[in-house]
Amino acid sequence: MTHLATDILVVGAGGAGMYAAVSAAREGASVVLADKSLVGRGGATIMAQMTVAVAVGEQEPDDWTHHLADTLAAGRGLCNEELAQILCREAPDRIREMDTWKVGWAREDDHMRQVMAPGHGIRRCVYVDFLNTGPAVAKTLRTRVARSDAITRISELAVVDLVVRQGRVLGAVAINLADGAPVTIAAKAVILAAGGLTKLYRRNSASANMGGDSYALALRAGAELVDMEFVQFFPIGHLAPRLVGMDPIMWDPFRYKLGGRLLNGEMEEFIENYGASDSGVYTAPRDIASFAILSEVAAGRGSPAGGAYLSFTHIPEPELRQAFGPVIDRLLANGIDLTRRPIEVSPIAHYHMGGIRVNGEMESRIEGLFAAGEAVGGANGANRLSGNAISETFVFGERAGHFAATKVAARATGLDFEWDHALAKPALDGIAALEARDEAKGPGAGPLFTELQSMMWDHVGLLRDAAGLEQALARLVRMRTVDLPALGTPGSHRFAITVQDWFDLRASLLAAEAITASALARTESRGAHQREDHPETDPSLEKNQTVQLEDGEIATDWVDVVRAPFELASLEAAE
Amino acid sequence: MTDRTVTLNVRRGEAGGESRIESFEVPYAENMSVLDALIWIRAYRDASLAIRYSCINANACKECMVRVDGKVAYACTARLGAGEATVEPLSNKPLLRDLVTDITPPKETLAHALAGED
């Protein structure tokens, strides 16, 4: 049996996981940084082409309390205000730290350039040109991680279960993808940074490994989730013509810089009809924009591919080129000439507000089990303010690493002191049984996963009602209890892709059930959660929902929102 | 989606063994990528086909490099225009299985982690 021992195991090596690893290592902890893809290449961070919200006030006077006010307003009353405060207060430190690590934030006149984004009252969002924020962030953090002797990086290691004794995490069981062999990892603390779950939806901006691993691992370990009903749909994901080699959410920065007109199938602007203003300045909140586009499609006024048009034909080519230089040529190579015809866009699943329920030190109710990045629930409430995803990647990553290392230092015992192999045995037996069922050929998890994505899109997506949610929940339970156990893992276990598929599907089904059960119980419409049978916001439901496993079954409950009063700073005084 | 199909010829095999070409008929969609076709094959024809990719659309992760009709390319940006294409693993990297070669940086492997343990 292959066995590793470390102070801290970080699961997921995107932006949050890498920042957590760097943060823990500089506190003196040893770290194993594991990713089921390649370190620093998988996940969401590297795909982010857009902006990062941070009150550094370099473009115009700003203060973190103003960033917080905008974050809370977007969250529709449900933000965990302690986490939201931490996010906004610490983001400037992290953005400046990334600056000293030479990430290359866009500048003008020797200050960071900050642009407006929807839902912000101030030009607050930094970025890296051209559409390069995520790749630049990933590269910078990869370099920091590689420089630390305390961090052991392991690519293509898929963590499938955590090992817990009496409410305290002891480590994990993983599969080495290269040969399918199980690996045990003893760790005094584990940081879950394996991202979100947008891959559960048919139209998404997800990478291959965003199927809800963080949430399923946390649930199975005994931790709670919160706000799982709130999935953010990005209103203007690319729909048509087919565009490859570029992020499907790339149109957002175009709109920040150039405006761009959102039109229905009859070439009319429509967002004003849904209570938001948009024309030219792009300030409509994301949930309203998504709702408006889908409603136009439902009313028979959609674009040919089932979305809306986004038009830049009124903008002269020199202006397009000045703003986006080489990107214009990449679009032309895709057969897209923005000066000649509009493209088609549609809401796509983009981000998950919900996640692991943690305290201000990023620790769950399982001792030693921390979370970072999108895996964390609560800071964004019912709707995330644009630009906050990368900020929370940095802030929550740094904090999780810091507090996990502090905790480990206080427990100065040998690395394997508390490891108990017997507690890992059920997970190891599960892997062995799965691999023994090996078949030469077969459909694998593909058809079930496709069914899951369609069902989530149709019944647990932007527009929900009790009948659809109940139908989905019944099917999800059956998929988990009947279909999944019968599913084989065809093919060789050298590069054990079908074994990984099986565990991916297990995680996805559990995450999907958590969303669906929460959505069914929230009998109101608020932020990203829209119930067609309960269209009004119910003030008595200004509460958060938690999810936990009780005897292996999903159970939801209501808790009060964490409030944390603050005073809005005067921006004149700050100048 | 039209009724048109394209033929994808995929070189398959394991390290140290014989390799062979397997052909798959894949429904064609305008401008589809080689990666789209490979993902479709895994979902509907043969899940055991080994491929590596992460970001799918963005050409950001740089994990899906293969040879398409003899030329090194990212499967996500290589388009399926003609009626047929041949996809093979990189020839200058050690083969793991099918289209997956060992491109993991040496210091990011489990083997390296274990060597550093003692």
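Residues numbered from 1 in each chain as written. Chains lettered and ligands numbered in written order. Predicted model: local features only at pLDDT ≥ 70, side-chain atom pairs only at ≥ 80, totals over all residues.

**Description of the overall build of chain A**
Part 1 of the reasoning: Helices and strands together make up the secondary structure of chain A, namely 14 helices and 21 strands.
Part 2 of the reasoning: The C-alpha radius of gyration of chain A comes to 23 Å, within 12% of the 25 Å expected for a compact globule of 575 residues.
Part 3 of the reasoning: Each principal axis of the C-alpha distribution contributes one length, and for chain A these read about 65 × 50 × 50 Å.
Part 4 of the reasoning: Scored against the burial criterion, the 575 residues of chain A give a buried share of 59%.
Part 5 of the reasoning: The long-range share in chain A, meaning contacts at least 24 apart out of those at least 6 apart in sequence, stands at 75%. (Helix = DSSP H or I, 4+ residues; strand = E, 2+ residues; numbered from the N terminus. Rg over C-alpha atoms; globule rule 2.2 N^0.38 Å. Buried ≥ 20, exposed ≤ 12 C-beta atoms within 10 Å, placed from the backbone. Contact = placed C-beta atoms within 7 Å.)

**Comments concerning the environment of R123 of chain A**
Part 1 of the reasoning: The topology assignment puts R123 of chain A in the loop between β5 (111-112) and β6 (125-126).
Part 2 of the reasoning: For the pair R123 of chain A and D538 of chain A, spaced 415 residues apart in sequence, the C-alpha separation works out to 33 Å.

**Considerations on the sheet that holds strand β12 (residues 231-240) of chain A**
Residues and elements named next belong to chain A.
Part 1 of the reasoning: Reading across the sheet, the 4 strands line up as β12-β15-β14-β13 and stay open at both edges, with antiparallel pairing between neighbours. One side of each edge strand has no neighbouring strand; the edge strands of this open sheet are β12 and β13 (261-263). With strand direction ignored, the average angle separating the axes of adjacent strands in the sheet is 40°. (Pairing = 2+ DSSP bridges. Axes fitted to C-alpha atoms, helices over the stretch in contact; angles between N-to-C directions.)

**Here's the deal with the nonpolar core**
Residues and elements named next belong to chain A.
Part 1 of the reasoning: Ranked by internal contacts, the top residues of the largest apolar core, which has 226 residues, are I8, I191 and A372.
Part 2 of the reasoning: Per-element accounting of this core gives the leading share, 15 residues, to helix α13 (residues 497-521).
Part 3 of the reasoning: Domain assignment of the residues forming this core places at least three in each of domain 1 (234-347) and domain 2 (436-543).
Part 4 of the reasoning: Those residues within four positions of I191 in sequence are excluded, and the remaining contacts are I8, V10, V11, A20, F370, A371, A372, A400, G401 and A404. (Core = buried A, V, L, I, M, F, W, Y, C linked by C-beta atoms within 7 Å. Domains from an automatic or database assignment.)

**Observations concerning helix α1 (residues 15-26) of chain A**
Residues and elements named next belong to chain A.
Part 1 of the reasoning: The terminal C-alpha atoms of α1, which comprises 12 residues, lie 17 Å apart, in line with the 16 Å expected from a rise of 1.5 Å per residue.
Part 2 of the reasoning: Where burial is concerned, most of α1 is hidden: 11 out of the 12 residues are buried.
Part 3 of the reasoning: All of the buried residues in α1 are G15, A16, G17, M18, Y19, A20, A21, V22, S23, A24 and A25.
Part 4 of the reasoning: Tucked into the core, α1 has its buried residues touching β1 (2-11), β2 (31-34), α4 (133-147), β7 (151-154), β10 (181-192) and α9 (388-410).
Part 5 of the reasoning: Residue G28 follows α1 closely and has a positive phi angle near 100°. (Expected span 1.5 Å × (residues − 1).)

**Looking at the interface of chain B and chain A**
Part 1 of the reasoning: Counting from both sides, the interface comprises 38 residues of chain B and, opposite them, 46 residues of chain A.
Part 2 of the reasoning: Counting residues per element, the ones that place at least two in the side of chain B that touches chain A are α1 (34-44), β6 (95-97) and α2 (110-115) of chain B.
Part 3 of the reasoning: Across the side of chain B that touches chain A, the residue classes tally to 18 nonpolar, 10 polar and 10 charged. (Nonpolar A, V, L, I, M, F, W, Y, C, P; charged D, E, K, R; others polar.)

**Side note on the pairing of strand β8 (residues 157-165) of chain A**
Residue and element names in this part refer to chain A.
Part 1 of the reasoning: The element β8 is extensively covered by neighbouring structure, given that 8 of its 9 residues are classed as buried.
Part 2 of the reasoning: Relative to strand β9 (residues 168-176), β8 runs antiparallel, the two sharing 8 bridges. Bridging from a neighbouring strand, A158 pairs with I175 of β9.
Part 3 of the reasoning: Once β8 ends, the chain turns through 2 residues before running back antiparallel as β9, passing Q166 with a positive phi of about 45°.

**Observations concerning the sheet that holds strand β3 (residues 65-68) of chain B**
Residue and element names in this part refer to chain B.
Part 1 of the reasoning: Judged by pairing direction, the sheet is mixed, and its 5 strands sit side by side in the order β2-β1-β5-β3-β4 without closing on themselves. The open sheet terminates on both sides in strands that have one partner only, identified here as β2 (20-27) and β4 (71-74). Each strand of the sheet is rotated relative to its neighbour by a mean of 35°, with strand direction disregarded.
Part 2 of the reasoning: Two strands pair when backbone bridges link them, and β3 and β4 are joined in this way by 4 bridges, in the antiparallel orientation. Note on β4: the bridge partner recorded for M65 is Y74.
Part 3 of the reasoning: Taken strand by strand, α1 contacts β1 (5-12), β2, β3 and β5 (84-88), and its axis lies near 95° from that of β2.

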